[in-house]
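Here's the letter readout for the chains.
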Protein chains: 2
Amino acid sequence: MKIRFATSNPHKVAEANEAGREFGVEFEQIRVDYPEIRAEDVEDVAKDGAQYVFGKTKSAVIVEDTGLYIEALNGFPGAFSAFVHRKIGSDGILKLMDGVENRAAKFRSAIGWRDENGVKIFSGEVEGEINSEKRGKEGFGYDPIFVPKGQKKTFAEDFRMKNKVSHRRQAFEKFCKWVAGA
Amino acid sequence: MKIRFATSNPHKVAEANEAGREFGVEFEQIRVDYPEIRAEDVEDVAKDGAQYVFGKTKSAVIVEDTGLYIEALNGFPGAFSAFVHRKIGSDGILKLMDGVENRAAKFRSAIGWRDENGVKIFSGEVEGEINSEKRGKEGFGYDPIFVPKGQKKTFAEDFRMKNKVSHRRQAFEKFCKWVAGA
């Protein structure tokens, strides 16, 4: 079963396909720009994005949005994570967290699915901590500074671990289970 | 002449009225929520917002959007200034700028006007520097850390100065001149 995934990020498609394998679901990247609303919840962004792309292409599609929510920064950068990463990167986040004791953070992912029957949302979340320095070269975005609960390595140091426990993995498993009718 | 100004920020209405006085233009705050798109230009946000509110209320209206663009941070926080301020405040910006020599920044403001004839945009800009600490109690947002070119005080220390030279003042003067047919 092939699913169209509207994104400009090939890393996300690779992670989706890792999750889809056991369900026989394959994700195919399509590039359709959609305006992202300034919502603070990834669910709202994913839902709106999927509605928009479906409206434009008239075919079933998913859109995914991810946010890193840092407790000591009131949830910053949240649903604006990609924008903030483009501007100040993981180094900017480390600078903001310099001397901050509470390192708690979570990644949240939401998939918006839209077909002729309407829209559905699938979410995933992983708790963890902001590391004191960047470590590792795999993955993308904030992976080098995020250590999930119960682990000692960052997502960027251990991509296999990321692909087992991540926010995105969880959201895609829920979606695949549902779409494959498993 | 009365102009409807869709905003949740009474400070902006006060600044608009300062600018409007000499043109006989008075701004009246209306509260209509509009979804802000994730554009990086304040012009796009103001334009979309004005279109949306006009569509909802069927009466001529302005929407204003402002961004602080810091050179050393690749234009961060830009059109996301309000969100970033809610999350990490001026203190977060000062932390990001700690030890950074290039303090150059600019404020940009855009007004979107929408009536039955379509949409028009009016922009204003002021260059300056990010101060090394917060100073002053007036104004709002990033006013305590912004010193405009040629001045020694922050916008928050000298509100009368802000009202003469600010990005918003310039945008509103252009708008008032045009709308009053002066």
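Values in this document were obtained by computation on a predicted structure and should not be read as measured data.

**Some remarks on the overall build of chain A**
Moving on, step 1. When its secondary structure is counted, chain A shows 5 helices and 7 strands.
Moving on, step 2. Helices and strands in chain A line up, N terminus first, as β-α-β-α-β-β-α-β-β-β-α-α.
Moving on, step 3. Principal-axis analysis of the C-alpha atoms gives chain A an extent of 50 × 35 × 20 Å.
Moving on, step 4. Within the span of chain A, comprising 182 residues, buried residues form 48% of the whole.
Moving on, step 5. Sequence separation of at least 24 residues holds for 57% of the intrachain contacts in chain A that already meet a minimum separation of 6.

**Description of the environment of glutamate 43 of chain A**
Moving on, step 1. Within the element layout of this structure, glutamate 43 of chain A appears in helix H2 (residues 42–57).
Moving on, step 2. Counting along the chain gives 66 residues from glutamate 43 of chain A to serine 109 of chain A, while the straight-line C-alpha distance between them is 7.8 Å.

**Quick word on the environment of phenylalanine 146 of chain B**
Residues and elements named next belong to chain B.
Moving on, step 1. Along the chain, the position of phenylalanine 146 falls in strand E7 (residues 146–148).
Moving on, step 2. Residue phenylalanine 146 is classed as buried on the basis of its 28 C-beta neighbours within 10 Å.
Moving on, step 3. C-alpha separation for the pair phenylalanine 146 and glutamate 133, spaced 13 residues apart in sequence, amounts to 9.6 Å.
Moving on, step 4. In this view, phenylalanine 146 contacts Ala105, Phe107, Gly128, Ile130, Thr154 and Phe155; residues no more than four positions away in its chain are not counted.

**Quick look at the interface of chain B and chain A**
The parts lose accessible area when they come together, and the size of an interface is often stated as this lost area.
Moving on, step 1. Counting residues at the interface gives 15 residues for chain B, matched by 15 residues for chain A.
Moving on, step 2. With 6 residues, helix H3 (residues 81–96) of chain B is the single largest residue contributor to the side of chain B that touches chain A.
Moving on, step 3. Across the side of chain B that touches chain A, the residue classes tally to 8 nonpolar, 3 polar and 4 charged.

**Digging into the packing of helix H3 (residues 81–96) of chain A against H3 of chain B**
Moving on, step 1. Here H3 of chain A crosses H3 of chain B at 110 degrees, and the two axes come no closer than 9 Å. By the angle between their axes, H3 of chain A is roughly perpendicular relative to H3 of chain B. Touching Ile88, Gly92, Lys95 and Leu96 of chain A of H3 of chain A are Ile88, Gly92, Lys95 and Leu96 of chain B, all from H3 of chain B.
Moving on, step 2. Per-class residue counts for the contact of H3 of chain A with H3 of chain B are 4 nonpolar, 2 polar and 2 charged.

**Quick notes on the relation of the copies chain B and chain A**
Moving on, step 1. Expressed as a screw transformation, the operator carrying chain B onto chain A has a rotation angle of 180 degrees and an axial translation of 0.0 Å, and the superposed copies differ by an RMSD of 0.0 Å. The superposition of one copy onto the other is thereby described by a two-fold rotation axis. Judged by C-alpha distance, isoleucine 37 of chain B is the residue of chain B that lies nearest the rotation axis, at 2.2 Å.

**Considerations on the nonpolar core**
Moving on, step 1. Formed by 96 residues in total, the largest nonpolar core has its most connected members in Ile111 of chain A together with Ile111 of chain B.
Moving on, step 2. Among residues more than four places away in sequence, those in contact with isoleucine 111 of chain B are Ala46, Ile62, Glu64, Ile121, Phe122, Ala171, Phe172 and Phe175 of chain B.

**Re the pairing of strand E2 (residues 26–30) of chain A**
Residue and element names in this part refer to chain A.
Moving on, step 1. In this sheet, E2 lies alongside strand E1 (residues 2–6) in parallel orientation, the contact comprising 5 bridges. When the sheet's bridge partners are listed, lysine 2 is paired in E2 with glutamate 26.
Moving on, step 2. For the handedness criterion, the β-α-β arrangement of E1, helix H1 (residues 10–20) and E2 is classed as right-handed.

**A look at the environment of glycine 112 of chain A**
All names here are of chain A.
Moving on, step 1. Inspection of the secondary structure assignment puts glycine 112 in strand E5 (residues 104–115).
Moving on, step 2. C-beta crowding within 10 Å serves as the criterion here: with 28 such atoms nearby, glycine 112 is assigned to the buried category.
Moving on, step 3. With residues near it in sequence (within four places) discarded, glycine 112 still touches Ala46, Lys47, Gly49, Ala50, Ile62, Val63, Val119 and Ile121.

**Structural notes on H2 of chain A**
Residues and elements named next belong to chain A.
Moving on, step 1. With 16 residues, H2 should cover 22 Å at 1.5 Å per step; its first-to-last C-alpha distance of 22 Å lies within 8% of that length.
Moving on, step 2. Within H2, the full set of buried residues consists of Val42, Val45, Ala46, Lys47, Asp48, Gly49, Ala50, Tyr52, Val53 and Phe54.
Moving on, step 3. Contact partners of the buried residues in H2: E1, strand E3 (61–70), E5 and strand E6 (118–130).
Moving on, step 4. Once H2 finishes, lysine 58 follows within two positions and takes phi at roughly 60 degrees, a positive value.

**Examining the confidence of the model for chain A**
Moving on, step 1. Taken residue by residue, chain A gives an average pLDDT of 95. The fraction at 70 or more is 99%.
Moving on, step 2. Among the scores for the predicted complex, ipTM is 0.80 and pTM is 0.86.

**Some thoughts on the pairing of strand E6 (residues 118–130) of chain B**
Residue and element names in this part refer to chain B.
Moving on, step 1. By the bridge criterion, 12 bridges tie strand E5 (residues 104–115) to E6 in an arrangement that is antiparallel. In the sheet register, phenylalanine 107 faces E6, and the bridge partner there is valine 126.
Moving on, step 2. Connecting E5 to the antiparallel partner E6 that follows it, the hairpin turn spans 2 residues.
Moving on, step 3. In terms of strand pairing, E6 meets E7 through 3 bridges, oriented antiparallel. Looking across to E7, one finds that isoleucine 130 is bridged to phenylalanine 146.

The rules behind these values
Residues numbered from 1 in each chain as written. Chains lettered and ligands numbered in written order. Predicted model: local features only at pLDDT ≥ 70, side-chain atom pairs only at ≥ 80, totals over all residues. Helix = DSSP H or I, 4+ residues; strand = E, 2+ residues; numbered from the N terminus. Buried ≥ 20, exposed ≤ 12 C-beta atoms within 10 Å, placed from the backbone. Contact = placed C-beta atoms within 7 Å. Nonpolar A, V, L, I, M, F, W, Y, C, P; charged D, E, K, R; others polar. Axes fitted to C-alpha atoms, helices over the stretch in contact; angles between N-to-C directions. Parallel < 35°, antiparallel > 145°, perpendicular 65-115°, else oblique. Least-squares fit on C-alpha atoms with pLDDT ≥ 70 in both. Core = buried A, V, L, I, M, F, W, Y, C linked by C-beta atoms within 7 Å. Pairing = 2+ DSSP bridges. Right-handed = clockwise from strand over helix to strand, strands pointing away. Expected span 1.5 Å × (residues − 1). pLDDT = per-residue confidence, 0-100.

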